[in-house]
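Structural overview
Given next are the chains, with one letter for each unit.
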Amino acid sequence: MKLFRSCTALLCTLALSVTALPSLGSVEAEVAALRTQWEHVNFELAAQEQEAAYGELLERCDTLLAAQPDDAQALTWCGIVRSSFAGVVGGLDALGYAKAARDDFERAVAIEPTVSEGAALVSLGTLYARVPGWPVGFGNSKKALKYLEAGLEANPEGIDSNFFLAEFLVSEGETERAKAHLQRVLNAAPRPGRDAADATRKAEAEALLSKLSAD
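Thresholds, definitions, all that
Residues numbered from 1 in each chain as written. Predicted model: local features only at pLDDT ≥ 70, side-chain atom pairs only at ≥ 80, totals over all residues. Heavy atoms only, no water. Helix = DSSP H or I, 4+ residues; strand = E, 2+ residues; numbered from the N terminus. Areas by Shrake-Rupley, 256 points an atom, 1.4 Å probe, with all protein chains shown as cover. Buried < 20%, exposed > 50% of the residue type's maximum accessible area, 1.4 Å probe, protein only. Expected span 1.5 Å × (residues − 1). Arc of directions from axis to C-beta. Contact = heavy atoms within 4.5 Å. Polar contact = N/O pair within 3.5 Å; in protein donor to acceptor, adjacent residues only side chain to side chain. Salt bridge = Lys/Arg side-chain N within 4 Å of Asp/Glu carboxyl O. Axes fitted to C-alpha atoms, helices over the stretch in contact; angles between N-to-C directions. Parallel < 35°, antiparallel > 145°, perpendicular 65-115°, else oblique. Left-handed = near helix turned anticlockwise from the far one by under 90°. Nonpolar A, V, L, I, M, F, W, Y, C, P; charged D, E, K, R; others polar.

1. Thoughts on the overall build of the protein chain
Secondary structure summary: the protein chain contains nine helices and zero strands in total. Each helix and strand of the protein chain, placed in order from N terminus to C terminus, yields the pattern α-α-α-α-α-α-α-α-α. Split by element, the accessible area of the protein chain, about 10200 Å² in all, is 53% carbon and sulfur.

Shown next as structure tokens:
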């Protein structure tokens, strides 16, 4: 049995090799590449190919953060990489990656609270919602809600901020609130260059909304 539910908001790889640390001027491009390749694996790569692909991306993150340990965007997307890998490997092995992801997100938020339109806040809230609680893990519903609501405040009409708050609200039995946020997902404007992510997330929102409406 896996320790985590599959982290659909949060899977990845990067099919690029790097031997040198990125320069200051290349950090933004490097983070964009991480995001693009994460979306490729999360939404397009077959499940049996994902674990091997993560190894390359985890190494890429180690290289990036060694060069730029205080870059909030790099911390955010490397946190997404680690949390996604935790969702893939599952079991007790996943907990170490989940803790590392939590640390990345917390550092990112401390540096720039609304970095990447609240992505670190949303990701941190999702981790607290999905990781088992004590004594196995650090999951905590109150912290999950706190960070998910902060992420929504940072990006009120965002696809991810609304979807993951809705998912959490469903788990807490707050169906009507969840429906409103799922509808926001369906009404959200497309994000440039993120067609696969938008299409998948909207399909998930539509399926969940249909299920809630049928119950």
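That shown, we press on.
2. Quick notes on unusual backbone geometry
Residue Pro-135 is bonded to the preceding Trp-134 through a cis peptide linkage, with omega at 10°. Among the structural elements, Pro-135 can be located in the loop between helix 5 (115-130) and helix 6 (141-154). Its identity is not glycine, yet Glu-117 carries a phi of approximately 55°, on the positive side. Here Glu-117 shows up in helix 5. Among the residues examined, Glu-117 registers a relative accessible area of 57% and is labelled exposed.

3. Some details on helix 6
The terminal C-alpha atoms of helix 6, which comprises 14 residues, lie 20 Å apart, in line with the 20 Å expected from a rise of 1.5 Å per residue. Turning to helix 6, its buried residues are Ala-144, Tyr-147, Leu-148, Gly-151 and Leu-152. Around the axis of helix 6, the buried residues are gathered within 145° of arc, so they sit on the same side. Opposite the packed face of helix 6, turned more than 90 degrees from it, sit the exposed residues Lys-142, Lys-146 and Glu-153. Residues of helix 6 that are buried sit in contact with helix 5, helix 7 (159-171) and helix 8 (175-187). The N-cap of helix 6, judged by a side-chain oxygen 3.0 Å from the amide nitrogen of Lys-142 a few residues on, is Asn-140.

4. With respect to the side chain of Thr-76
Considering the arrangement of structural elements, one finds Thr-76 in helix 3 (residues 72-89). Reaching out from Thr-76, the side chain makes a polar contact with the backbone oxygen of Ala-72 at a distance of 2.8 Å. In contact with Thr-76, not counting residues within four places along its chain, are Phe-105, Ala-108, Val-115, Ser-116, Ala-119 and Ala-120.

5. Things to note about the pattern of salt bridges
Opposite charge on two side chains makes pairing possible when the charged atoms of those side chains draw close. A complete count under the given rule lists 15 salt bridges for this structure. The salt bridge partner of Arg-191 is Asp-160, with a shortest N-O separation of 3.2 Å. Placement of the pair is Arg-191 in the loop between helix 8 and helix 9 (195-214) and Asp-160 in helix 7, with a sequence separation of 31 residues. Of the charged contacts in the structure, one is a salt bridge between Arg-191 and Asp-198, with a shortest N-O distance of 2.7 Å. According to the relative accessible area criterion, Asp-198 is buried, its value standing at 6%. Beyond isolated ion pairs, a larger network of salt bridges with shared partners links Asp-160, Arg-191, Asp-198, Arg-201 and Glu-204.

6. Re the packing of helix 5 against helix 6
Between helix 5 and helix 6, the least distance of the axes is 7 Å, while the angle of their chain directions is 160°. Regarding the angle of helix 5 to helix 6, the classification is roughly antiparallel. In this structure, the crossing between helix 5 and helix 6 has a hand that is left-handed. Each of Glu-117, Gly-118, Leu-121, Val-122, Leu-124, Gly-125, Thr-126, Tyr-128 and Ala-129 in helix 5 lies in contact with helix 6, whose residues at this interface are Lys-143, Ala-144, Tyr-147, Leu-148, Ala-150, Gly-151 and Ala-154. Its residues assigned to classes, the contact of helix 5 with helix 6 shows 10 nonpolar, four polar and two charged.

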